[in-house]
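An overview of the molecular structure
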Amino acid sequence: MLHPENDSQYAGLTVNAGVEGQPIVNPYFRPAMRKPRENADYYIAGILRGDKPILAKAVTLVESNLVSDQQIAQKVIEGCLPYSGKSIRVGVTGVPGAGKSTFIEALGNDLCKKGRKLAVLAIDPSSERSRGSILGDKTRMQELSANKDAFIRPSPSAGSLGGVARKTRETIVLCEAAGYDTILVETVGVGQSETAAHSMVDFFLLLQVTGTGDELQGIKRGIMEMADGIAINKCDGNNVEKASVAKTQFQNALALFPPTESGWKPYVTTCSAVENTGIEETWKMVEDYIAFAKQNHFFDINRTRQSKYWMHETITQYLLDSFYHNPVLTDEIEKAEQRILDNKESSFIAAHKLIQLYADNQHK
């Protein structure tokens, strides 16, 4: 077929006929072989030699809800358990806006310069739609994220705080086996996450901020009783004098509480994560507490108690999952909810019937 462009009037313009009968699929294409699934020994060996990418993949297995992933994850945890327990575990909490991420980055950079290896595990809220992390601490701690001696892992809660807290506890074991001697567990600072973090750390630090209104609003009995120490952040610029006043107020408030079980007397420091002042003094408070707790053996007693607590928490979580994912109960739960809405049955009687049905089904 003659193309009009090949006419003599279009000088210098020609269209080639091309090649006839070419295959649609590249004949040289070879599909990639599927990579064999790594076993538990692969992850254990990688973690013990401090391989950060393998550690991250192992944490993903721990966080997975797939039965196949959980089976491998439990073997990995068991293999790493003998190499864990040698770190200092510190919980960091505070109201949103207290500067937790900035403080942790400043503290983390300082600790890494002193030769420590740091793992930051954030119990992070998540979107109910996408199930993704909201705060994204890796984007907040850019300098620390790039440090070869630091490992940062946010864990989106996806509405299940108990589950993510248990998995954070298991992640601590993996990080310790990988050689991280300092573990920071950051909470979102909005409720139950503090209790969960407190049950897995050696020292619980409450980060406060001043200059935002009524200082006494920060003195909450529940969270204050859990704190082993308080650091007033953002002690810079016009806030220096206010932070000094707040320090006195918080110290007076701590004096009103009954003695702690460990015998330690919590105290208050001031710091500025932006100006990097008071960070060393705050960490010294942590080290003083650890030395004090080890001397009177409360350190070991507390860790043993925490292990016992997490055994019961794991059982509770397993029973909840088993109950709500039981195929026999799926329709019955919906029917029970409807009877309650129609005022045909009380919530207590409905719950009792469902539990009885679950128990009967387990015996079959």
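The present account deals with the structure reproduced in this document.

Definitions and limits used
- Residues numbered from 1 in each chain as written.
- Predicted model: local features only at pLDDT ≥ 70, side-chain atom pairs only at ≥ 80, totals over all residues.
- Heavy atoms only, no water.
- Core = buried A, V, L, I, M, F, W, Y, C linked by side-chain atoms within 4.5 Å.
- Buried < 20%, exposed > 50% of the residue type's maximum accessible area, 1.4 Å probe, protein only.
- Salt bridge = Lys/Arg side-chain N within 4 Å of Asp/Glu carboxyl O.
- Helix = DSSP H or I, 4+ residues; strand = E, 2+ residues; numbered from the N terminus.
- Pairing = 2+ DSSP bridges.
- Phe/Tyr/Trp six-rings, centres within 6.5 Å; stacked < 30°, edge-to-face > 60°.
- Lys NZ or Arg CZ within 6 Å of the ring centre and 35° of its normal.
- 1 Å grid on protein atoms, 1.4 Å probe; cavity = no way out; pocket = protein on both sides within 12 Å on 5 of 7 lines; lining within 4 Å.
- Points joined across faces, edges and corners; volume = space filled by probe spheres on them.
- Expected span 1.5 Å × (residues − 1).
- Arc of directions from axis to C-beta.
- Contact = heavy atoms within 4.5 Å.
- Axes fitted to C-alpha atoms, helices over the stretch in contact; angles between N-to-C directions.
- Parallel < 35°, antiparallel > 145°, perpendicular 65-115°, else oblique.
- Nonpolar A, V, L, I, M, F, W, Y, C, P; charged D, E, K, R; others polar.

1. Brief notes about the nonpolar core
Ile47, Leu55, Val76, Leu174 and Met224 are the most contacted members of the largest nonpolar core, which totals 50 residues. Among the nonpolar cores identified, the runner-up in size contains 32 residues, and Val90, Ile104, Ile152 and Val286 belong to it.

2. Notes on the pattern of salt bridges
Following the criterion strictly, the structure yields 12 salt bridges and no others. Two residues, Glu345 and Arg339, come together in a salt bridge whose shortest N-O distance is 2.9 Å. One salt-bridge network, held together by shared partners, links Arg339, Glu345 and Lys353.

3. Notes on the pairing of strand β6 (residues 229–233)
Along any regular strand the residues' side chains alternate between the sheet's two faces. Burial of β6 is extensive: five of the five residues sit out of reach of the surface. With burial as the criterion, each face of β6 is covered, one bearing Gly229, Ala231 and Asn233 and the other bearing Ile230 and Ile232. Bridging between β6 and strand β7 (residues 268–270) involves three bridges; their strand directions are parallel. Bridge pairing links Ile230 to Val268 in β7.

4. Some words on the pairing of strand β4 (residues 182–186)
With five of five residues buried, β4 lies mostly within the body of the structure. Across the two faces of β4 the burial is the same, with Thr182, Leu184 and Glu186 and Ile183 and Val185 all buried. Pairing analysis gives five bridges linking strand β1 (residues 88–94) to β4, with the strands arranged parallel. Looking at the pairing, Arg89 lines up with Ile183 of β4.

5. Looking at the packing of aromatic side chains
Overall, the coordinates contain nine aromatic pairs when judged by the stated rule. Summarising the aromatic geometry, the rings of Phe323 and Tyr324 are spaced 5.1 Å apart at their centres and angled 80° between planes, so their arrangement reads as edge-to-face. Feature note: the residues Phe203, Trp264, Tyr267, Tyr289 and Phe292 constitute an aromatic cluster, connected by ring pairs. For the cation-ring pair, Lys117 lies above Tyr180, with the distance from its terminal atom to the ring centre recorded as 4.6 Å. Geometry around Phe299 places Lys294 over its ring, the cationic atom sitting 5.0 Å from the centre.

6. Describing the layout of surface pockets
Here the largest pocket is characterised by a volume of approximately 640 Å³. Around the largest pocket, the lining is made up of 30 residues, and of these Glu225, Ala227, Asp228, Thr260 and Glu261 lie nearest the centre. Elements that contribute at least two residues to the lining of the largest pocket include exactly β5 (203–209), α9 (221–226), α10 (240–255) and α12 (298–324). A per-element tally of the lining of the largest pocket places α12 first, with five residues.

7. Here we look at helix α14 (residues 347–363)
Over its 17 residues, α14 runs 25 Å from end to end, which matches the ideal 24 Å to within 8%, given 1.5 Å per residue. When we look at burial in α14, the residues that qualify are Ala350, Leu354 and Tyr358. One side of α14 holds all its buried residues, which, seen down the axis, span an arc of 75°. Exposed residues pointing more than 90 degrees away from the buried face of α14 are listed as Phe348, His352 and His363. Structurally, α14 contributes buried residues whose contacts are with α12 and α13 (327–341).

8. Quick word on the packing of helix α4 (residues 100–113) against helix α11 (residues 279–295)
Interaxial distance between α4 and α11 falls to 10 Å at its minimum, and their mutual angle equals 80°. Taken together, α4 and α11 sit at an angle that is classed as roughly perpendicular. Counted together, Phe103, Ala106, Leu107, Asp110 and Leu111 of α4 and Ile279, Glu280, Thr282 and Trp283 of α11 form the full contact between these two elements. Its residues assigned to classes, the contact of α4 with α11 shows six nonpolar, one polar and two charged.

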